[in-house]
Amino acid sequence: VESWFWVVDSKFKFRVICTPSRLTAQAIHKRTTCNVIRSFRISSMHSPLHFGSRAAINPEEMMLPANSISFNDTSVMSHKDSDGDSSMDMDICSTSSSDSPVNIDFCGSCSSGEEEVIEPSLKPLKRHRQSKVYDQVYHADRDKSYDRRPMQISMLLKVSKHVSGIANDTEWREFGVFSSVHNKFEAMSLRNVLPAFSPSELSFFTDMELYNVGDLSRSNTNALSIHLLESLNFRKACAFYAWNDGKPLRDYLRFSVARNTVIKWKKTLTKQFQQGSKDAAKNESANKKKDAESNKYTMSPAEIAEKVNNDVGLTCLLSNEETRMLRDHFGIETATQLINASPHMGQTLSEIMAPRFDGRSLHEIECICEGMLYSWLLRSREAIESAQSTATRMETENSCDTISEERAFLPYAKFLTPLSYVDFLFFEQEGILTDHELSLIDPSLLTRQYAAFLRTKGEVISHVDTNKKLKRLRQEASLVHSGLSNVVNSSQNTRLDLGKLPKGVMLSASNLCKTTIDTNNNGLPMKTLIVYDDLNRVLYEFSVSIHDSSIPNSGLGAFLTFKGAKVLKKSSQAKVKNPAKSYRTPATRNPREALFAFSGATVTLTGTNLHGDEYLDEKEKEDSVGVWNEFSQNDFVESDSNITFSSKHVGCALIELDRYAPLLKADRKTEFIFCIKDFLFGHEPSSWRFDVSEKLNVNGLQNQVVDFTDDATGSPHAVARANTAMYVNECGHDISLVENVCSLETCRSVSYYVYIERPMEAGETRELLINYREKYEDIRERRGYGLANINLGMKGDDDDVSRVLRNHNERIPTEATIMSCSEDEIQTLVDFIQERVLGGVIEATSQATISGADTDILARQFVARRRIHWISEVCRRRLLLLINSQEDDSSSEDDDNSIFQKGMVVFVHGWMDKHDPRPPYTGLSTISSISKDKFDRHCFELSLPKGKHLTNVPAAVLTIPEEADFVGAPQRLRASHLKSQRDRNRPQVRCKLLKDLSSMEWKLSSMAQYLPDLPKSIQTMLLWEVAEEVLFHASKDNDLMHPPKEVVAKFAKLIEKNDLAKKSTNSFASFYDELCAIARQSTCARDS
């Protein structure tokens, strides 16, 4: 076992590392940081190295004065403890004089007389964590002092060290204990290594005192490279290769070349060791099966239950060889039995282990065995304490001989400190396995390693930011370790910077992400979200539920809960797909857009192996997970540590919540149609609208709007209410509300994505909020939380006067838009209202009883029915204006009795003028002009494709084309033919349109019949609607002498004092007359 202590001199501080076979001193200059290494072989040992209680001495008590230690040929390095016993006595072989202390230089040479200058080491000596037992027992603090602490069970339960038969305890490699394969290989002579070293290389090894594989593998690469660079044989070889390649010698005689040569030698040793390890693995596997069989028959179920409930098996703490030896020779199988063992067990252990040490002295063997026993006891005590304080225990089989498959691959680290999975992997790799150890780290020492580790994950971060992050994690670990359960969360931006959001979206396990109806929550939707981190192979599970929003007066809200993280099992690692490094996503997998605006053509790729990477894709199953569907949900197991989720973590990104709209085909509308619908239902649909870039080809290309409101109510339809995205509220201008949802649009749809900046712990719930920014300001003002409401005191739509004034201002551009429509656009608008709005509105407002109905929705429908009447009047005025303004474009020669008109598409049957040498023409053409011959018959001039013409074509060879005649014809001819057909049917279409407009009417006399039976709130809404119409007519020609706000205030007083619940036939008529009187008094034309 390696042991070391400090020796202080006036100029240097020596770190002396002592093993039974070698003494190594490291000198650290007090002013300049440099490492000086010198290794001495021990010729004899007069007294054993005492472990046990001696090893527990505080190193600060071993700080020796400068005159208490010397290095010379006959001196003995000694230190007397408080009992007067010598802790260690050994002879150091040296050639220096007795009067002069030995100076230790980098190359290992000893000087006599003059003191050599110590130069900085090329590679500082590093203490690798967990490489030795006492390196685990003691840990370095910032001031380089070492404090006693008990061993952590999490540091010892490492399957890679104690379960594998190949990599047994590295603590005992140097002594040949429990690592026969490794020690046999290290003892191998360098002359027996294959491929064989050259004679010159073997000669160099002899000069450097490197005799076996262990000497070469443990040698310092930089120091060996310097000696190699100065050797004669290396210079000869460099000169030969320079002459052979025709290059200068300086290209070969370099330190980097020598160092690469040394690295090549060490790689040769590694390859041979791996070959020898394969045979050892087979033997170890056979021994393991044999031990399992023996335990199966020697242990009763009662004993197994007792060990599981009250004790810890040694197989969880020690290697297989150690466990087998203790069981066979001492009958010890558990940690409790080892703690209660006989105090004379060390002597018996020395006798058992003596044959393993190849003739070592009895003192050495006793020393080693005492250290082994002390290490086992530390592990056992820590395991018992951990088992008693932990509620969950490992499930074991056959007296804890094996660890369950689900946990066998996991590091036995468990953090309560919130960590990302990448941080968890890094700390486990560095041997930091508990919150206490994390709270004691020195961030400056881990900064470089952490930044390099993140680079392997594709994340580039500066050392300054890395250091800050490590300090924050250390602080959080300190709070957790001190008993504070709530870690202070770091501040975050409450508004998303859309330009800096991750471009990628996390892969969703689509078959596992399901939306269900929560019967325990009034039938509201509840969604399960499972996303996959392909970089680290981690599953993150979330749930989205609907509850009352935390924002006052905002109704329901969507809440995201993080359920936890699951990591890939060791047994499923073989399923990992590893495409070649040169793999790139084929271009055929990226979205492509086919632009066929008029034909409506679609493009479909067919065939096999279209993309070239189909061989990687597995058949999709119900629980498939992964880019290539290579995993299932059962391949993952929950992590015991506090793994958090953040979209900023390495491997994480945005999470797709749901598609927002469109959800039905009817959700897609032109902007003109949507604006009319929004006006009808009191601007409620505007709260749910989104604009998309794709144009709709309705009466020409028009802007498209998507929303999910019902066309008969103006409220979200049933499909939208079953979708969680609908319940995401808007955070508005309240800076305390955190925006964590963003909307991303494609050319024809909108989806919601979740972005979590501050990490979420398992079980944590947050409300999902979005910010619609400037486009939503009008809706905010109507709802009372816009900037004008906050800063200027403007009231929302809950105030009747403010609502009527806004609606009055919106009604003016609505009328202007309709009055600028073409006849086809009016037809489209009337068809939309007739087919998708009017029926539902009339059905809802004509019921004899309205008990149980939603009052808000019903009020909007009553108002919509009255506004439909107003729109029908505006459309009628516009239609009559278009009909009266039409001019007769036909020439004076046109005959109204002719079925062929100018601009009409006709089909020609084999005609050509007799003076024209071209063959007769058969096909489609367009009439460009009409005339009459001398017999008063119609003659036509036709325009043919490609700019050609036909003249003097009689009507006898012309017919109206059929659908089959347009096969292969240009699209413009088809459009022109359809327009001609509409023109011929125009009288019938206009007649039907006027009838539809008449059916949309709801006159005041008809409305007055419903008013007495309606609830007070709906009565008031309808009276205000009538007042709004009166105000609009009064201000239409700018005849108002008073501001509209004053007029509306007078309307408010009139509406307040009227009670239409009294069933009087003249009550509404008198109310309307009073409204008109108020408006008439406020206008210039008093008699209007």
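The present account deals with the structure reproduced in this document. None of these values were measured; they are calculated from a predicted model.

Here we look at the overall build of the chain
At step 1: Assigned secondary structure in the chain consists of 32 helices and 33 strands.
At step 2: Buried positions account for 46% of the 1088 residues belonging to the chain.
At step 3: For the chain, the proportion of contacts with a sequence separation of at least 24, taken over those separated by at least 6, is 64%.
At step 4: Carbon together with sulfur atoms contributes 51% to the accessible area of the chain, which is approximately 57400 Å² in total.

Comments concerning the pairing of strand E16 (residues 556–568)
At step 1: Most of E16 sits inside the fold, with eleven of its 13 residues counted as buried.
At step 2: In terms of strand pairing, strand E15 (residues 538–548) meets E16 through eleven bridges, oriented antiparallel. Paired with Ser545 across the two strands is Phe559, which belongs to E16.
At step 3: Taken together, the three bridges between E16 and strand E27 (residues 765–767) define a ladder with antiparallel strand orientation. Note on E27: the bridge partner recorded for Phe559 is Glu767.
At step 4: Where E16 and strand E19 (residues 636–638) come together, three bridges link them in antiparallel fashion. Within E19, the position partnered with Leu568 by the bridge is Phe636.

Overview of the environment of Pro961
At step 1: Mapped onto the fold, Pro961 is located in the loop between strand E33 (958–959) and helix H27 (971–984).
At step 2: Judged by its relative accessible area of 6%, Pro961 falls in the buried class.
At step 3: Note: C-alpha distance between Pro961 and Leu924 (37 residues apart in sequence) is 7.6 Å.

Things to note about the sheet that holds strand E32 (residues 949–954)
Consider a sheet: its strands pair through backbone hydrogen bonds, and that pairing is either parallel or antiparallel.
At step 1: The strand order across the open sheet formed by five strands is E32-E31-E30-E29-E33, and the pairing between neighbours is antiparallel. Every interior strand has two partners, whereas the edge strands, E32 and E33, have only one.
At step 2: Against the sheet, H27 engages strand E29 (905–911) and strand E30 (921–932), with an angle of about 115° to E29.

Here's the deal with the sheet that holds strand E21 (residues 668–670)
At step 1: Across the sheet, three strands lie side by side as E21-E23-E22; this open sheet has antiparallel pairing. Each end of this open sheet is capped by a strand with a single partner; those strands are E21 and strand E22 (690–697). Shown here is a sheet whose adjacent strand axes are inclined to one another by a mean of 40°, direction ignored.
At step 2: For E22 and strand E23 (residues 701–706), the ladder comprises six bridges, and the chain directions are antiparallel. Within the sheet, the bridge partner assigned to Val692 lies in E23 and is Gln704.
At step 3: Relative to the sheet, helix H20 (residues 671–680) contacts E21 and E23, its axis offset from that of E21 by approximately 95°.

Concerning the nonpolar core
Nonpolar side chains in soluble globular proteins tend to end up buried together.
At step 1: Judged by nonpolar contacts, the single largest core of 73 residues is most densely connected at Phe427, Tyr540 and Tyr752.
At step 2: Leu805, Val1030, Leu1054 and Phe1071 belong to the second largest nonpolar core, which has 33 residues in total.

Quick look at the packing of aromatic side chains
At step 1: For the structure on display, the rule yields 34 aromatic pairs.
At step 2: With centroids separated by 6.2 Å and ring planes inclined at 40°, the aromatic side chains of Tyr540 and Phe562 adopt a geometry described as tilted. Of this pair, Tyr540 sits in strand E15 while Phe562 sits in strand E16, and the two are 22 residues apart along the sequence.
At step 3: Under the relative-accessibility criterion, Phe562 is labelled buried at 0%.
At step 4: Plain terms: the ring middles of Phe542 and Phe562 are 5.1 Å apart, the flat faces sit at 35° to each other, and that makes the pair tilted. One end of the pair, Phe542, is in strand E15; the other, Phe562, is in strand E16, with 20 residues separating them in the sequence.
At step 5: Among the aromatic side chains, those forming a connected cluster through ring pairs are Phe415, Tyr421, Phe424, Phe426, Phe427, Tyr450 and Phe453.
At step 6: Stacked on the ring of Trp870, the Lys or Arg Arg811 has its end atom at 4.8 Å from the ring centre.

Quick notes on unusual backbone geometry
At step 1: A cis amide bond, omega -5°, links Ala661 with the succeeding residue Pro662.
At step 2: Checked against the element boundaries, Pro662 lands in the loop between strand E20 (655–661) and E21.
At step 3: Positive phi is not limited to glycine here, since Asn553 has a value of about 60°.
At step 4: Within the secondary structure layout, Asn553 lies in the loop between E15 and E16.

Side note on the state of the cysteines
At step 1: A full pass over the atoms with the stated rule returns zero disulfides.
At step 2: Between Cys369, a free cysteine, and Cys367, which holds the nearest cysteine sulfur, the sulfur-to-sulfur gap is 9.1 Å.

Thoughts on helix H28 (residues 986–999)
At step 1: In a regular helix each residue adds 1.5 Å, so 14 residues correspond to 20 Å; H28 covers 20 Å between its end C-alpha atoms and thus fits that length.
At step 2: Those residues of H28 lying buried are Arg986, Arg990, Leu993, Asp996 and Leu997. Relative to the axis of H28, the buried residues are bounded by an arc of 120° and lie together on one face. Exposed positions of H28 whose direction lies more than 90 degrees from the buried face are Pro987, Gln988 and Lys995.
At step 3: Those residues of H28 that are buried are in contact with helix H25 (823–845), helix H26 (855–884) and H27.

Thresholds, definitions, all that
- Residues numbered from 1 in each chain as written.
- Predicted model: local features only at pLDDT ≥ 70, side-chain atom pairs only at ≥ 80, totals over all residues.
- Heavy atoms only, no water.
- Helix = DSSP H or I, 4+ residues; strand = E, 2+ residues; numbered from the N terminus.
- Buried < 20%, exposed > 50% of the residue type's maximum accessible area, 1.4 Å probe, protein only.
- Contact = heavy atoms within 4.5 Å.
- Areas by Shrake-Rupley, 256 points an atom, 1.4 Å probe, with all protein chains shown as cover.
- Pairing = 2+ DSSP bridges.
- Axes fitted to C-alpha atoms, helices over the stretch in contact; angles between N-to-C directions.
- Core = buried A, V, L, I, M, F, W, Y, C linked by side-chain atoms within 4.5 Å.
- Phe/Tyr/Trp six-rings, centres within 6.5 Å; stacked < 30°, edge-to-face > 60°.
- Lys NZ or Arg CZ within 6 Å of the ring centre and 35° of its normal.
- Disulfide = S-S within 2.5 Å.
- Expected span 1.5 Å × (residues − 1).
- Arc of directions from axis to C-beta.

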